[in-house]
Amino acid sequence: MNHKEKLLKKILEKEAYLAVVGLGYVGLPLAVEMAKKGYRVLGIDIDESKVSRLLQGESYVIDVKSEDVQDMVAAERLTVSTDFAGISQADTVSICVPTPLRKTKDPDISYINASVSEIKKFLHPGMLIVLESTTYPGTTDELVKNELELLGYKAGEDLFVAFSPERVDPGNQIYQTHNTPKVMGGVTPACTELAVAVYGNVVSNIVPVSSTRSAEMVKLLENTFRSVNIALVNEMALLCDRMKIDIWEVIDAAATKPFGFMPFYPGPGIGGHCIPLDPMYLSWKAKTFDFYNRFIELASDINGNMPRFVVSKISEVLNTRKKCLNGAKILLLGMSYKKDIDDLRESPALELFYLLEETGAVIDYCDELAPSFEHERRHGEIVKALDLDADMLKSYDLVVLTTDHSYFDYTMIAANAGLILDCRNGFKKIKAEHIYKL
Ligand code: SAJ
């Protein structure tokens, strides 16, 4: 049997030993799902604290239950380590490491490069390497395939390489790793076949495509689609604000169209590790083809300016009570980047917090899911969330809903806050003079 046939047999008989590099919100659900589907799995992360929490049976990812981690570790189906050496025994490696942006909005692929450098040390003939990190078209060919072939391997013969975009929607109760269709594109048909075989035993619906670049572009189209449509509705919100039209009513009514429309909603900006960043990977790569992605740049500009629009809206609302921003006591409800999750990355609420501080306003916040954060401009200072109750609400000049967590008691808040600016239509069921909306 050749390498491909040998690996295919191990995969189909669930004898293959699967490694996952990067145990964050993408890698940990994948590793646990692979183990639950009967594979032996090696989870690797360079963060010692993640590894020790997992060894103690604790999940730090909102979509992964601690009892699943405990069960898989106890059954010795999931081994976790900071050491890459175990890859020498592995048959496949899925790379699920971050792909952030540098300050200059250029892609930071250092985590991919670091992972590939470690994998190189333990690579052996017949392995399948699948990159999952969101990145620009060409990354898998250039930074994984080409790099590993420098060791003398030949992709499609004694080395197999593919790209499969992660599609994790943190906090989504319906679509999780096992039931979200998974796109898969290999360097060669044999690479695609092997990647489809292993993931096909873990995820219910696999979508093979013709190449790694196609698979990389699928993800960027998905997320650019979201960024551009969110920017469209944010710009419509600015126009409706000026025309004194209720944008939320307009969207809800437009959403009754049973075809050809998909609702997006305005907000204080966009956060998370994907939508604000991924499209910039594409526009960066496009420029090397002398192509300027105007939609991506425009969407980034509109979405990026929403926190400043909210500051101007706050000033306008305070003005109705003859208050100015400087010295005003303002309470932000919700600090994470979207409802019902605990992630603060790129959160627009955080940016609004800092912008309001610059005006001289006195800012507090409430968020049970994000109880504290390190102040990014006063190194080491920890900002703590306050407990929300009726009395404390009365002491603020303005309460701003920045993240519409389900746990907020909107009726109690509306009854006790003197003035509210709702950036998420969380108070949609409550009509009151003192509640203003974007
Ligand atoms: N947002 C709006 N208006 C909207 C939708 C979202 O302002 O109509 C804001 C959210 O509040 C958030 C940001 O945009 O701050 C991103 O929202 P998101 O729902 O796209 O959240 P993510 O980044 O956690 O997850 C997305 C996935 N979301 C959905 O498909 C619903 C999906 O695009 C990707 O699987 C994932 O990013 C990823 O990892 O790429």
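Since the model is a prediction, treat every value here as computed from it, not as a measurement.

Conventions adopted
Residues numbered from 1 in each chain as written. Predicted model: local features only at pLDDT ≥ 70, side-chain atom pairs only at ≥ 80, totals over all residues. Heavy atoms only, no water. Helix = DSSP H or I, 4+ residues; strand = E, 2+ residues; numbered from the N terminus. Buried < 20%, exposed > 50% of the residue type's maximum accessible area, 1.4 Å probe, protein only. Pairing = 2+ DSSP bridges. Axes fitted to C-alpha atoms, helices over the stretch in contact; angles between N-to-C directions. Contact = heavy atoms within 4.5 Å. Salt bridge = Lys/Arg side-chain N within 4 Å of Asp/Glu carboxyl O. 1 Å grid on protein atoms, 1.4 Å probe; cavity = no way out; pocket = protein on both sides within 12 Å on 5 of 7 lines; lining within 4 Å. Points joined across faces, edges and corners; volume = space filled by probe spheres on them. Nonpolar A, V, L, I, M, F, W, Y, C, P; charged D, E, K, R; others polar.

Engineer: Please clarify how unusual backbone geometry should be interpreted in this entry.
Structural biologist: Glycine aside, residues mostly have negative phi angles, and peptide bonds mostly take the trans form. Here the phi dihedral of K244 falls at roughly 55°; this positive angle occurs in a residue that is not glycine. Within the secondary structure, K244 sits in the loop between α8 (212–243) and α9 (247–254). Relative accessible area serves as the criterion here: at 70%, K244 is assigned to the exposed category. Here the phi dihedral of N425 falls at roughly 60°; this positive angle occurs in a residue that is not glycine. Of note, N425 is situated in the loop between β14 (420–422) and β15 (435–437).

Engineer: Hey, could you run me through the pairing of strand β13 (residues 398–401) in this one?
Structural biologist: Side chains on a regular strand alternate between the two faces of the sheet. Neither face of β13 is exposed, since L398 and V400 on one face and V399 and L401 on the opposite face are all buried. Relative to β13, strand β9 (residues 329–333) runs parallel, the two sharing four bridges. From the neighbouring strand, L331 faces β13, where its bridge partner is V399. Relative to β14, β13 is paired through three bridges, and the arrangement is parallel.

Engineer: What is the right way to look at the sheet that holds strand β5 (residues 127–131) in this model?
Structural biologist: Two strands in a sheet stick together by hydrogen bonds in their backbones, pointing the same way (parallel) or opposite ways (antiparallel). Strand order in the open sheet made by the eight strands is β3-β2-β1-β4-β5-β6-β7-β8, with mixed pairing throughout. Two strands lie at the open edges of the sheet, namely β3 (78–81) and β8 (206–209), each paired on one side alone. The average undirected angle you get between the axes of adjacent strands in this sheet is 25°. Across the sheet, α8 lies against β6 (159–163), β7 (182–186) and β8, angled at about 150° from β7, the strand it touches most.

Engineer: Please explain the pattern of salt bridges as it appears in this structure.
Structural biologist: Any two side chains of opposite charge can pair, given that their charged atoms come close. In this structure the tally under the stated criterion is 30 salt bridges. Two residues, K313 and E316, come together in a salt bridge whose shortest N-O distance is 3.0 Å. Note that K313 and E316 are positioned in helix α12 (residues 306–319) at a spacing of three residues, about one turn of the helix. Relative accessible area serves as the criterion here: at 40%, E316 is assigned to the partly exposed category.

Engineer: In this structure, what is going on with the layout of surface pockets? I would like to understand it.
Structural biologist: Sizing a probe to match a water molecule and rolling it over the atoms shows the empty space that remains. Taken as a whole, the largest pocket encloses approximately 1600 Å³ of empty space. Lining the largest pocket we find 50 residues, and of these D169, R226, Y265, K338 and K339 sit closest to its centre. The dominant element in the lining of the largest pocket, judged by the number of residues it contributes, is α8, at seven residues. Across the lining of the largest pocket, the residue classes tally to 20 nonpolar, 16 polar and 14 charged.

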